[in-house]
Amino acid sequence: MNLLKRILKRIFGSIFLATVTLVGAPVAFGATVVAGLVFLPLPATIPVPKTVPTVQPTVIYDRYGHEIAQISQYQQDLPFTQSQVPPILKEAVVSDEDRNFYHESGIDLRGMVRALVADLRNQATVQGGSTITQQYVKLAYLNSQRTLVRKVREAILASQLSRQASKDDILYHYLTLIYLGDGNTGAEAASESYFHVPVQKLDPSQAATLAGLIPAPSARAPEEHLALAETGRELVLKKMYQQGYIGAAEYQFYLARRLALAGTAGASPATNTIVYPMVYTTVNNQFPDFVDYVERWLNQNLPASVIQSGGLRIQTTMDPAIENDARAVVAATLDGSAMPVDMAMAAVEPSTGFVEAVVGGRYFSSPLAGPYQNDNFALGGCQDPRGIYKTITVQIPASCWNGSMITGGGGGRQPGSSFKPFTLATAFLDHIPPSTVYPSPYVYQIPGCVSTKPTDCQIHNDEGDIGGATQETLAEATAQSTNTVYAQVAEQVTCPSIANTAKALGVETAYYSTPPFYYCASYTLGEVGVSPLDMASAYGVFAAHGQRATPTPILEIVDAQGKVLVDNIHQHPKTTAVLPANVADNVTNALQGVIASGTGTAAALGRPAAGKTGTTNNNTDAWFVGYTPTLSTAVWMGNANSDATPVGYSPGCPKGCVTGHYLNGPAQTFVSLYGGEWPAISWKEFMQLALANVPVTPFSAPAPILTEQEAAALQAPHSTSTIPVGPGAPSYAQSVPPGGPYVNPPDPPIVSPPTALPTTTVPSSTTTTTAPAAGSTTSSTG
């Protein structure tokens, strides 16, 4: 009773208080007062509708605080006229929100009394009871506070409005103000955003979807909550049928057209109601490749509601000078060729994971790229064979299969021999030193392989050393990219272990399954599609002595209220030890040989650098991935359409003639595409520019890789080894990075003794390490 008195006093003063005191039934009296006030003539005028608040754009900055782009949602508040509202949308909304809309006087008195009873009993607002007119009044004139004061005011204004405006006017203005999820205010914005059609072309299923969003627009937003949106759609369609707005046949037809996200498996406009993802517009975009990466990162890592609220201030890791250097090198290299020949590049700081440059393609975001203008090849894509093969055995699943990868389209590209360092690291984890000697034939026959085509069961050398040496050490085979040696190593360490190593280092697309891989000998030659960003990040682990930092384009994100959402400035990203330091450092030592005297001499910088070339079958993809202690960069070159035709193929040039320009230099034509040619040259030119003002830093000298016997001797409590053990001896375990977990941890664990101690015994020249057959994959040339 006292609560009702306070409410009436706040609204109407003390004129009714005496009457209220005399009545002993507060609920009945409250209903009588509300009914009287609603239906009696009121002299007050309807207030001017509120202005719909404008969402501020999100501003993106480079690492130095200079603005590089602004982004805002494309369909946020689109105007439309009353004549454009289709009857089917009116019927859908009315059937679900207020079936008596065309017959009531702006309020539902029974609903209000029911709500008032519940509110008075609970001494708080616990029930609604609003008509469409009342909902419009709340949106246009009042606030969203759930109080009895607001509800009474709402009812009075709704009653008055219903006497002054037509039902169609009220419904139209209501449809311009309702929020429908994913940042869409109004029916036109939601229609364009979700279905890519104007409001007047909505079909019954689409109209029912929008009407079903009204009660809980964020919780039912279809891109994120498709199942809840589908439940709402079906409920509205049922009400439309029950209330006579659609017939039985129409109801059954549209009920069967379930919601489906565009681009997902099985989604078809012929059988589904297709929902499209949010679209953003970017203005003043000076660096489209990198900004695209930032936008994709936001969608992957922040709630949609935060992005849609706008007003974010995003400082990125991008160095504009380095980004421009990367773009200039790509443009120069491709100057002598035409689409679909393309190139992508990514550069990452190993110690932090900060991405300094991204080039998605020569014409990324430009119509000149044709159908590939939105494919950011630097980010790649995720391949999942489980949807291709009816029967498949997955031993190592890819990280990207859980949807966590930031993809850019275009799919992953085979890395060729640039995948070999993951096999090399796995070998070191298995106590196989770089001095281990292997047979080095020109052709290696895959054990256990059976095929009607003999070459399917053979591994050939294609890059660097194409035969002649009868045997090579593992370090020499790395420098010369000897496929036949690495085929043996892969079978020795097993393909699942190689896949695990690649995954741990950050190759999100690395997996192992049968099919498509049947023979492990060729798995090491790079048959799993990868992205330049993943490869640059993974190689950065070698530069960082086994520590992995997740790649990120973000330094800091601050919302419109000044709250810091992401802070990588004051709190550097955490790193994880995924390799022992001696393993990572020995990989670096071996990869220095690639540039010094192997297949990557074209990448020589004149400062310490390590890297690996990669070329796939038929010269369709070529790579160079390399690093210094402070910067790791991956370069991919190939055809944008992923055709099996060699890059630059023409009659009379069966392996493909590739012409390019040195940066500010002459043109040169290579008779085929290899990783040690244009990719290595482009890598060198970019790194020279990016590191021009960076002091020369040497790599750390690696502690030796111990054989399994040597490692066991170090761990033995009464060892007869000449290596000192026992009290007072050096603590070798201190050399192993803490924190793990390491990939494929050896048993006993690898330790890193001081370099002053005796080194591993190198097998004699007559000793060879043979590889037992293991694993499975299809045959290819690295």
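Before reading further, recall that the structure is shown in the block above.
Anyway, here's the lowdown on the structure attached to this text. (Residues numbered from 1 in each chain as written. Predicted model: local features only at pLDDT ≥ 70, side-chain atom pairs only at ≥ 80, totals over all residues. Heavy atoms only, no water.)

### A look at the nonpolar core
- Among the nonpolar cores identified, the biggest contains 89 residues, and Phe422 and Phe542 are the most heavily contacted of them.
- No other element matches the eight residues that helix α21 (residues 532-543) contributes to this core.
- Grouped together as the second largest cluster of nonpolar side chains are 49 residues, Leu89, Ile170, Val197 and Ile246 included. (Core = buried A, V, L, I, M, F, W, Y, C linked by side-chain atoms within 4.5 Å. Buried < 20%, exposed > 50% of the residue type's maximum accessible area, 1.4 Å probe, protein only. Helix = DSSP H or I, 4+ residues; strand = E, 2+ residues; numbered from the N terminus.)

### Digging into unusual backbone geometry
- Methionine 339 connects to proline 340 through a cis peptide bond whose omega is 15 degrees.
- When you line up the elements, proline 340 lands in the loop between α15 (320-333) and β7 (341-348).
- Across the junction of threonine 514 and proline 515, the peptide omega takes the value -15 degrees, indicating a cis bond.
- Note on placement: proline 515 falls in the loop between β14 (512-514) and α20 (520-523).
- Even without glycine at this site, histidine 431 takes up a positive phi of about 65 degrees.
- Here histidine 431 shows up in the loop between α16 (420-429) and β10 (437-439).
- Judged by relative accessible area, which is 6%, histidine 431 ranks as buried.

### What about α16?
- Counted residue by residue, α16 has ten buried out of ten residues, so it is predominantly covered.
- Looking at the buried side of α16, the elements it contacts are α17 (474-480), α18 (483-493), α19 (495-505), α21, α22 (581-597) and β19 (610-615).
- Histidine 431 sits one or two residues past α16 and shows a positive phi near 65 degrees. (Contact = heavy atoms within 4.5 Å.)

### Comments concerning the state of the cysteines
- On inspection of all chains with the given rule, the structure shows three disulfides.
- Between cysteine 382 and cysteine 400 runs a disulfide, and the two sulfur atoms are separated by 2.0 Å. Residues cysteine 382 and cysteine 400 are joined through a disulfide that is right-handed, its torsion about the S-S bond being 70 degrees. Linking cysteine 382 in the loop between β8 (355-359) and β9 (393-396) with cysteine 400 in the loop between β9 and α16, this pair joins segments that are 18 residues apart in sequence.
- Looking at cysteine 382, the relative accessible area reads 32%, which means it is partly exposed.
- For cysteine 495, the disulfide goes to cysteine 520, at an S-S distance of 2.0 Å. Given an S-S torsion of about 120 degrees, the disulfide between cysteine 495 and cysteine 520 has right-handed geometry. Of this pair, cysteine 495 sits in helix α19 while cysteine 520 sits in helix α20; the two residues are 25 residues apart in sequence, bridging distant segments of the chain. Cysteine 520 shares its class with cysteine 495; the two are buried. (Disulfide = S-S within 2.5 Å.)

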